[in-house]
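Notes for the structure review
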Amino acid sequence: MFTTFFISTGAVALSELGDKTQLFALLLALRYRAPVRLIAGIFLATVLNHIAAGWIAVELADQLPIYWLRMGTGVACIALGAWMLLPDKLDEEEDKPSRFGPFAAALVGFFLLEIGDKTQVATMLMATAYQPFAAVMAGSIFGMMLVNAPIVMIGRNISQRLPLKATRIISALIFAAMGVVMLPVWG
């Protein structure tokens, strides 16, 4: 159970580094001086989004033979590693000030930005590859908060010191290696 928790935490945390939702967390931190409300909104959005994604993935996985599930998960991890090499940026319309308070802005913004995002895909992959489900979800949520809460707390200082290109390359290599290990050709 702890292994599953730590694998999910690491996978999601690596996926989130340099991601558009991390940039959004920084944007919110710069806009609002309410870190507790921002973190609460990010947390609730992550819980809702990742549990839904994990549940959908597990339901779909029950319909597939194990060989194809492992093949799909391995190939998806390799693709996710390649996807991590592409830098994220916020759309211009996401840069407009929110009419809502910090909690609602973080909740709605994070929930919408996470749909189809790398961290959501990583959560879905982990949910199909590891058990128990609760450990996967707890790790996924913790990984998201592990990366975003510090951004909110120290947003101004960290934005100029984080080597995003190197972080993306290392994360991509780790996911590619995970994908190769998950392929059914190894046994």
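The rules behind these values
- Residues numbered from 1 in each chain as written.
- Predicted model: local features only at pLDDT ≥ 70, side-chain atom pairs only at ≥ 80, totals over all residues.
- Heavy atoms only, no water.
- Helix = DSSP H or I, 4+ residues; strand = E, 2+ residues; numbered from the N terminus.
- Contact = heavy atoms within 4.5 Å.
- Expected span 1.5 Å × (residues − 1).
- Buried < 20%, exposed > 50% of the residue type's maximum accessible area, 1.4 Å probe, protein only.
- Core = buried A, V, L, I, M, F, W, Y, C linked by side-chain atoms within 4.5 Å.
- Axes fitted to C-alpha atoms, helices over the stretch in contact; angles between N-to-C directions.
- Parallel < 35°, antiparallel > 145°, perpendicular 65-115°, else oblique.
- Left-handed = near helix turned anticlockwise from the far one by under 90°.
- Polar contact = N/O pair within 3.5 Å; in protein donor to acceptor, adjacent residues only side chain to side chain.

**With respect to the environment of phenylalanine 5**
- Among the secondary structure elements, phenylalanine 5 is positioned in helix α1 (residues 2-16).
- Residues phenylalanine 5 and isoleucine 141, 136 residues apart in the sequence, show an inter-C-alpha distance of 9.9 Å.
- When sequence neighbours within four positions are dropped, the list of residues in contact with phenylalanine 5 reads Ala135, Ala138, Gly139 and Phe142.

**Things to note about helix α2 (residues 20-31)**
- In this model α2 runs 16 Å from its N-terminal to its C-terminal C-alpha over 12 residues, within 8% of the 16 Å that 1.5 Å per residue would give.
- Among the 12 residues that make up α2, nine are buried, leaving the element largely enclosed by the rest of the structure.
- Of the residues making up α2, those classed as buried are Lys20, Thr21, Gln22, Phe24, Ala25, Leu26, Leu27, Leu28 and Ala29.

**Comments concerning the nonpolar core**
- Formed by 38 residues in total, the largest nonpolar core has its most connected members in Leu28, Ile42, Phe110, Met126 and Phe175.
- Of all the secondary-structure elements, those providing two or more residues to this core are α1, α2, α3 (35-61), α4 (66-84), α5 (102-114), α6 (118-129), α7 (133-153) and α9 (164-182).
- Sequence-distant contacts of isoleucine 42, defined by excluding residues within four places in its chain, comprise Ala25, Ala106, Phe110, Met145, Asn148 and Val152.

**Comments concerning the packing of α2 against α5**
- For the pair α2 and α5, interaxial distance at closest approach is 10 Å and the crossing angle is 165°. On the basis of the axis angle, α2 is roughly antiparallel to α5. The handedness of the crossing between α2 and α5 comes out as right-handed. Residue-level inspection shows Lys20, Thr21, Phe24, Ala25 and Leu28 of α2 in contact with α5, the latter providing Ala105, Ala106, Gly109, Phe110, Leu113 and Glu114.

**A short note on the side chain of asparagine 49**
- If you trace the backbone, asparagine 49 turns up in helix α3.
- Its relative accessible area of 2% is what places asparagine 49 among the buried residues.
- Among the polar contacts listed, one links the side chain of asparagine 49 to the side chain of glutamine 120, at a separation of 2.8 Å.

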